[in-house]
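One letter stands for each residue in the lines below.
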Amino acid sequence: MDLTTLDIQQARIKQILFKSQLRSVLYGVREADENLFSPQNNALGLWLSTEVKPRYPNRPEVREAERLLQHLLATGRELAAQYRQGQIDEARRGLTRIEQVGEELVAVLQRLSTQPPKLAA
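Residues numbered from 1 in each chain as written. Predicted model: local features only at pLDDT ≥ 70, side-chain atom pairs only at ≥ 80, totals over all residues. Heavy atoms only, no water.

Student: Quick rundown of the overall build of the protein chain? Include the residues and the values.
Tutor: The number of helices and strands found in the protein chain is five helices and zero strands. In the protein chain, the succession of helices and strands from N to C terminus is α-α-α-α-α. Its C-alpha atoms give the protein chain principal-axis dimensions of roughly 55 × 20 × 20 Å. Residue burial in the protein chain is summarised as follows: out of 121 residues, 37% are buried. Residue pairs at least 24 apart in sequence account for 74% of intrachain contacts in the protein chain once pairs closer than 6 positions are excluded. Counting only carbon and sulfur atoms, one obtains 52% of the accessible surface of the protein chain, whose full area is about 7100 Å². In the protein chain, 17 side chains carry a positive charge and 15 a negative one; their mean positions are 2 Å apart. (Helix = DSSP H or I, 4+ residues; strand = E, 2+ residues; numbered from the N terminus. Buried < 20%, exposed > 50% of the residue type's maximum accessible area, 1.4 Å probe, protein only. Contact = heavy atoms within 4.5 Å. Areas by Shrake-Rupley, 256 points an atom, 1.4 Å probe, with all protein chains shown as cover. Lys, Arg positive; Asp, Glu negative; His and termini not counted. Charge placed at Lys NZ, Arg CZ, Asp CG, Glu CD.)

See the structure below:
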């Protein structure tokens with residue numbers, strides 16, 4: 001079963017949810033929860049591991065999506081740490097990095113949904 005437009009929309013929503021939760025941390029609305037930065041407990045990470053990886057176990061796009069997710073979560077963790085250390089403006093400015101990596105991740109998933117797997121020659 002291929003990734004559908006609905007699947008890509010789900011990924012985008014999960015990525016937006018992460019950004020929203022991180023933003024609420026960086027604006028003092030909530031405390032940073034380690035589950036937010038854990039690929040095993042993060043909604044996008046769970047979706048990748050339970051929906052995408054089983055469908056496309058050998059596709060390089062999946063490995064790239066996992067790498068980008070790790071980068072996204074690590075960057076989010078760094079920004080939350082900056083906020084806790086009083087570097088509030090710097091942490092908030094870092095949200096642009098989150099936006100960039102998140103868009104890259106969705107683009108990789110979009111590519112996965114539109115490109116058929118390469119056949120061995």
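Next comes the rest of the account.
Student: Mind laying out the nonpolar core, listing which residues take part and the relevant values?
Tutor: Counting residues in each nonpolar core, the largest one holds 31 residues, and the members touching the most others are F18, L22, W47, V52 and L109. With residues up to four places along the chain from it excluded, the contact list for W47 reads L3, D7, Q10, A11, K14, V52 and L109. (Core = buried A, V, L, I, M, F, W, Y, C linked by side-chain atoms within 4.5 Å.)

Student: Describe the packing of aromatic side chains, and please don't skip the residues or the numbers.
Tutor: Evaluated as defined, the whole model comprises one aromatic pair. Summarising the aromatic geometry, the rings of F18 and F37 are spaced 6.4 Å apart at their centres and angled 85° between planes, so their arrangement reads as edge-to-face. Remark: F37 occurs in the loop between α1 (5–26) and α2 (43–55) and F18 occurs in helix α1; sequence separation between them is 19 residues. For the pair shown, F18 and F37 are each scored as buried. The lysine or arginine in question, R92, covers the ring of Y27, its NZ or CZ lying 3.9 Å from the ring centre. (Phe/Tyr/Trp six-rings, centres within 6.5 Å; stacked < 30°, edge-to-face > 60°. Lys NZ or Arg CZ within 6 Å of the ring centre and 35° of its normal.)

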